[in-house]
Amino acid sequence: MFAQPGKPPVTLTPAAAAQIAALMAREQAAGFRIGVKKGGCAGMEYTMEIAAEADPMDLVVEDGPARVLIAPLAQMFMIGTEIDYETGLLESGFKFRNPNVVETCGCGESIKFRDADAG
């Protein structure tokens, strides 16, 4: 597990916490799982899903009724990330402000992380 003692690996804005809590209540879910996978033009993409149950290896972050489950392979990439939920005229969705991202693609769907050995 990756985390800094006494500090959650991710933080939620009030808007993100409210949206996650609403999704969990609607689906009667155990949490909102976040992960990463290879893909997109920058190399990696975030994944998000409503989870019926937590995996024993998930890192759990709770903010009131909102419960974020960070998948094992994503944990080291998510440290220090703020998750927000923005509502706009043309689109609404979760936004990740991740200090570990060094590059994004033009559409904003794909990301590249700092190399682990680049310090």
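First, a word on scope: everything that follows refers to the structure included in this document.

Criteria and cut-off values
- Residues numbered from 1 in each chain as written.
- Predicted model: local features only at pLDDT ≥ 70, side-chain atom pairs only at ≥ 80, totals over all residues.
- Heavy atoms only, no water.
- Helix = DSSP H or I, 4+ residues; strand = E, 2+ residues; numbered from the N terminus.
- Buried < 20%, exposed > 50% of the residue type's maximum accessible area, 1.4 Å probe, protein only.
- Contact = heavy atoms within 4.5 Å.
- Areas by Shrake-Rupley, 256 points an atom, 1.4 Å probe, with all protein chains shown as cover.
- Expected span 1.5 Å × (residues − 1).
- Arc of directions from axis to C-beta.
- Polar contact = N/O pair within 3.5 Å; in protein donor to acceptor, adjacent residues only side chain to side chain.
- Phe/Tyr/Trp six-rings, centres within 6.5 Å; stacked < 30°, edge-to-face > 60°.

### Focus on the overall build of the chain
Line of reasoning, step 1. Broken down by element type, the chain carries two helices and nine strands.
Line of reasoning, step 2. Beginning at the N terminus, the succession of helices and strands in the chain can be written as β-α-β-β-β-β-α-β-β-β-β.
Line of reasoning, step 3. Burial analysis of the chain (119 residues in total) assigns 39% to the buried set.
Line of reasoning, step 4. A separation of at least 24 residues holds for 51% of the contacts in the chain among residues at least 6 apart in sequence.
Line of reasoning, step 5. Carbon and sulfur atoms form 53% of the exposed surface of the chain, whose accessible area is close to 7,200 Å².

### Some details on helix H1 (residues 14-27)
Line of reasoning, step 1. Between its first and last C-alpha atoms H1 spans 20 Å; for 14 residues at 1.5 Å apiece the expected length is 20 Å, and the two agree.
Line of reasoning, step 2. Where H1 is concerned, the buried positions are Ala 16, Ala 17, Ile 20, Ala 21, Leu 23 and Met 24. On an axial view of H1, the arc spanned by its buried residues comes to 160 degrees, and they lie on one face. Of the residues in H1, the exposed ones pointing more than 90 degrees away from the buried face are Pro 14, Ala 25 and Arg 26.
Line of reasoning, step 3. Positive phi appears at Gln 28, one or two residues downstream of H1, with a value of about 50 degrees.

### Observations concerning the side chain of Asn 100
Line of reasoning, step 1. Note that Asn 100 resides in the loop between strand S7 (92-97) and strand S8 (101-104).
Line of reasoning, step 2. Of the polar contacts made by the side chain of Asn 100, one reaches the backbone oxygen of Phe 77; its length is 3.0 Å.
Line of reasoning, step 3. At 2.8 Å, the side chain of Asn 100 and the backbone oxygen of Ile 79 are in polar contact.
Line of reasoning, step 4. Aside from chain neighbours lying at most four places away, what touches Asn 100 is Met 76, Phe 77, Met 78, Ile 79, Lys 112, Phe 113 and Arg 114.

### Concerning the side chain of Asp 84
Line of reasoning, step 1. Examined against the element boundaries, Asp 84 turns out to sit in strand S6 (residues 81-87).
Line of reasoning, step 2. A distance of 3.1 Å separates the side chain of Asp 84 from the side chain of Arg 97, its partner in a polar contact.
Line of reasoning, step 3. Leave out the neighbours within four places in its chain, and Asp 84 touches Thr 13, Ala 15, Ala 16, Gly 93, Phe 94, Lys 95 and Arg 97.

### Structural notes on the packing of aromatic side chains
Two numbers describe a pair of aromatic rings. These are the distance of the centres and the angle of the planes.
Line of reasoning, step 1. Evaluated as defined, the whole model comprises five aromatic pairs.
Line of reasoning, step 2. Ring geometry for Tyr 46 versus Phe 113: centroids 6.5 Å apart, planes at 85 degrees, classification edge-to-face. Separated by 67 residues along the polypeptide, Tyr 46 in strand S3 (residues 44-51) and Phe 113 in strand S9 (residues 111-113) bring together distant segments of the chain.
Line of reasoning, step 3. Exposure remark for Tyr 46: the relative accessible area of 18% places this residue in the buried category.
Line of reasoning, step 4. Classification of Phe 113 as buried rests on a relative accessible area of 7%.

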